[in-house]
Amino acid sequence: QVQLVESGGGLVQAGGSLRLSCTASGLTFSNYDMGWFRQAPGKERESVAHITWDGRMTYYANSVKGRCTISRDNAKSTLYLQMNSLKPEDTAVYYCAATIRAATIRPGSYDYWGQGTQVTGSS
């Protein structure tokens, strides 16, 4: 049974930082490209960042470029998202997702999802 479990969310003042983690089990983590998505109330789920299985290539949405860093530790089966200079508009539930194919910005291309972790940026 595949499980992706996110952690690290919380309430942060504008300008603050958070590091999200996503620990995977039930799959060979190093075989999967991984992505972070977020969904704010009343909005569609959107891509934040993704990373190839070997960590060599990354992608960032324009809205977070320069403020976030995606990384992974295959030995620990864990994905990370370092978020700096948080803004109120970063408020959303953040999800990690795994795909056996090449990572894309489309949620439908991912095979497995975590349950999400709430990030709230206060002004």
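Here, every reference points to the structure presented above.
Residues numbered from 1 in each chain as written. Predicted model: local features only at pLDDT ≥ 70, side-chain atom pairs only at ≥ 80, totals over all residues. Heavy atoms only, no water.

Engineer: Could you clarify how one ought to interpret the sheet that holds strand β3 (residues 18–25) in this entry?
Structural biologist: Across a sheet, strands are paired by hydrogen bonds formed along the backbone, either parallel or antiparallel in direction. Spatially, the 4 strands line up as an open sheet ordered β1-β3-β8-β7, and their pairing is antiparallel. For this open sheet the edge positions go to β1 (3–7) and β7 (68–73), each flanked by a neighbour on one side alone. Going from strand to strand, the sheet's axes swing by 15° on average, the running direction of each strand aside. Relative to strand β8 (residues 78–83), β3 runs antiparallel, the two being bridged by 6 bridges. Looking across to β8, one finds that L18 is bridged to M83. (Pairing = 2+ DSSP bridges. Helix = DSSP H or I, 4+ residues; strand = E, 2+ residues; numbered from the N terminus. Axes fitted to C-alpha atoms, helices over the stretch in contact; angles between N-to-C directions.)

Engineer: Please explain the state of the cysteines as it appears in this structure.
Structural biologist: Note on terminology: a disulfide is the covalent bond linking the sulfur atoms of two cysteines. Summed over all chains, the structure comprises 1 disulfide. Between the sulfur atoms of C22 and its disulfide partner C96 the distance amounts to 2.0 Å. Taking the sign of the S-S torsion, 55° for the link of C22 and C96, the bridge is right-handed. Of this pair, C22 sits in strand β3 while C96 sits in strand β9 (residues 92–99), and the two are 74 residues apart along the sequence. In this structure C22 comes out as buried when scored by relative accessible area, which is 0%. Between C68, a free cysteine, and C96, which holds the nearest cysteine sulfur, the sulfur-to-sulfur gap is 15 Å. (Disulfide = S-S within 2.5 Å. Buried < 20%, exposed > 50% of the residue type's maximum accessible area, 1.4 Å probe, protein only.)

Engineer: What's the story with the packing of aromatic side chains in this structure? I'm lost.
Structural biologist: Two descriptors summarise a pair of aromatic rings, namely the distance from one centre to the other and the angle between the planes of the rings. A full pass over the atoms with the stated rule returns 5 aromatic pairs. Between F37 and Y110, the ring centres sit 5.0 Å apart and the planes meet at 80°, which makes this aromatic pair edge-to-face. Pair noted here: F37 is in strand β4 (residues 33–39) and Y110 is in the loop between β9 and β10 (112–113), with a separation of 73 residues, a long-range link. Note on accessibility: F37 and Y110 belong to one class, buried. (Phe/Tyr/Trp six-rings, centres within 6.5 Å; stacked < 30°, edge-to-face > 60°.)

On their own, these measurements won't tell you what the molecule is for.
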